[in-house]
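Results of the structural survey
In case you want the letters, here they are:
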Amino acid sequence: MAIYVWDHRREYENEREDILDAVDTVFRSDQLILGESVRGFEEEFAAYHGVSHCVGVDNGTNAVKLGLQAIGVGPGDEVITVANTAAPTVLAIDGTGATPVFVDVRPDTYLMDTDQVAGAITERTKALVPVHLYGQCVDLAPLQELAARHGLKILEDCAQSHGARQNGRLAGTTGEVGAFSFYPTKVLGAYGDAGGIITDDAETEANLRRLRYYGMEDRYYVVQTPGHNARLDEVHAEILRRKLRRLDDYIAARRTIADRYAEGLKDTELLLPKIAPGNDHVYYLYVVRHPARDEILKALREFDFNFRVSYPWPVHTMTGFAHLGYTTGTLPVTELAADEIFSLPMYPTLPEDLQDKVITVLRDILARG
């Protein structure tokens, strides 16, 4: 039996009646675009985070892109982020016309090394984009101090951190905006592409609503550019409304699975996830590390284990970003991590017997040397 890092089928069987009812609710409604389901999800997601506004969009990439545009980022600006992220984070920055600027990550958590940010700030820097990777938050306090000192904005990339907290505060609620992906694999996932942006600022919210709807306030009349067709789908919004009620249960299940991995693999040579001080981890991914990563993955494939590396190619080394001028060796911690990390199966409905099999097989492979 093949084992994957993520599998939605058991969750779907458990929630099938509610999911199909959500679809039927939308199909029986009188509005299929930006209707009651989108409005309801926006209100409920904002309330979950204790903020004033949520604007639903079509995917996580546009959540970052439109979020940056809404806070004034555009051509000629620089935005500081990391290369240890999914390429869409950087594509979104590039899509605003701004230039992505990279700092390295910390060797223990693989999150932005905030000690390097001050040295990357120039007179063109407009925003900081910390990526809350794998399920826990970047240290935001030093970024807030730098933003206040230099007049910068903060957009939190929360695509992998739904429900994560830092010192009791939810991911996405510290910066000017928090951008979320609801791609199916996420801690809170739709059944296709979807995204959202939260903010406490009314002007930013108004900008976002225009940006996602062609730059219009009223139908057919464009009041500003750029404008996009980036609306959250009504069906996905209704499914997300239902699943949002179960988000804390999903997180609890992920933490239980993480605890079982930690216990089962604690005395091996694998470097297990480290939780940064003040963080509550939600374990979007359970990322481990070993210098012989590729050999281990090859051995695992013999058991039909299909594990994933997030991410095997640091963004700054990709040919599509060669114009940014970075070379191999520029971000050594990021590059070494890309050679050594891999993810174990992690989803709320992962059966204990499958997890036990993963632990047993991994231990056997590691014991062989």
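The structure presented is a predicted model; accordingly, all values stated were derived computationally and were not measured. (Residues numbered from 1 in each chain as written. Predicted model: local features only at pLDDT ≥ 70, side-chain atom pairs only at ≥ 80, totals over all residues. Heavy atoms only, no water.)

1. Brief notes about the state of the cysteines
Enumeration according to the criterion identifies 0 disulfides in this entry. Not engaged in a disulfide, the cysteine Cys 54 finds its nearest cysteine sulfur in Cys 158; these two sulfurs lie 11 Å apart. Cysteine Cys 158 shares no disulfide, and the gap to the nearest cysteine sulfur, in Cys 137, comes to 7.0 Å. (Disulfide = S-S within 2.5 Å.)

2. Considering the layout of surface pockets
By volume, the largest pocket amounts to about 520 Å³. When residues of the lining of the largest pocket are traced back to their parent elements, those giving at least two are helix 3 (60-70), helix 4 (87-95) and strand 9 (177-181). Examining the composition of the lining of the largest pocket, we find that 4 residues originate from one element, helix 3, more than from any other. In terms of residue class, the lining of the largest pocket is built from 14 nonpolar, 10 polar and 4 charged. (1 Å grid on protein atoms, 1.4 Å probe; cavity = no way out; pocket = protein on both sides within 12 Å on 5 of 7 lines; lining within 4 Å. Points joined across faces, edges and corners; volume = space filled by probe spheres on them. Helix = DSSP H or I, 4+ residues; strand = E, 2+ residues; numbered from the N terminus. Nonpolar A, V, L, I, M, F, W, Y, C, P; charged D, E, K, R; others polar.)

3. So, the nonpolar core
Judged by nonpolar contacts, the single largest core of 86 residues is most densely connected at Leu 300, Phe 307 and Phe 342. Not counting residues up to four positions away in its chain, the partners in contact with Leu 300 are Phe 305, Phe 307, Phe 342, Val 361, Leu 362 and Ile 365. (Core = buried A, V, L, I, M, F, W, Y, C linked by side-chain atoms within 4.5 Å. Buried < 20%, exposed > 50% of the residue type's maximum accessible area, 1.4 Å probe, protein only. Contact = heavy atoms within 4.5 Å.)

4. Some thoughts on the environment of Gly 35
Its location among the elements puts Gly 35 in the loop between helix 1 (9-27) and helix 2 (36-49). On the basis of relative accessibility, which here comes to 0%, the residue Gly 35 falls in the buried class. Here the alpha-carbon distance between Gly 35 and Glu 234, two residues 199 residues apart in the chain, equals 6.6 Å.

5. Re the sheet that holds strand 2 (residues 53-57)
Sheets are built from strands paired through backbone hydrogen bonds, the pairs being either parallel or antiparallel. Taken in spatial order, the 7 strands make up an open sheet running 2-10-9-6-5-3-4, and their pairing is mixed. The two strands at the open ends of the sheet, each matched to only one other strand, are strand 2 and strand 4 (99-103). Taken over all neighbouring pairs, the strand axes of this sheet differ in orientation by 25 degrees on average, direction set aside. Relative to strand 10 (residues 195-199), strand 9 runs antiparallel, the two being bridged by 4 bridges. (Pairing = 2+ DSSP bridges. Axes fitted to C-alpha atoms, helices over the stretch in contact; angles between N-to-C directions.)

6. Examining the pairing of strand 6 (residues 153-157)
Burial analysis of strand 6 places 4 of its 5 residues in the buried class, the great majority of the element. The pairing of strand 5 (residues 125-128) with strand 6 spans 2 bridges and is parallel. Bridge assignment links Ala 127 to a residue of strand 6, and that residue is Lys 153. Tracing the backbone out of strand 5, into helix 6 (residues 141-150) and back to the parallel element strand 6 gives a crossover that is right-handed. (Right-handed = clockwise from strand over helix to strand, strands pointing away.)

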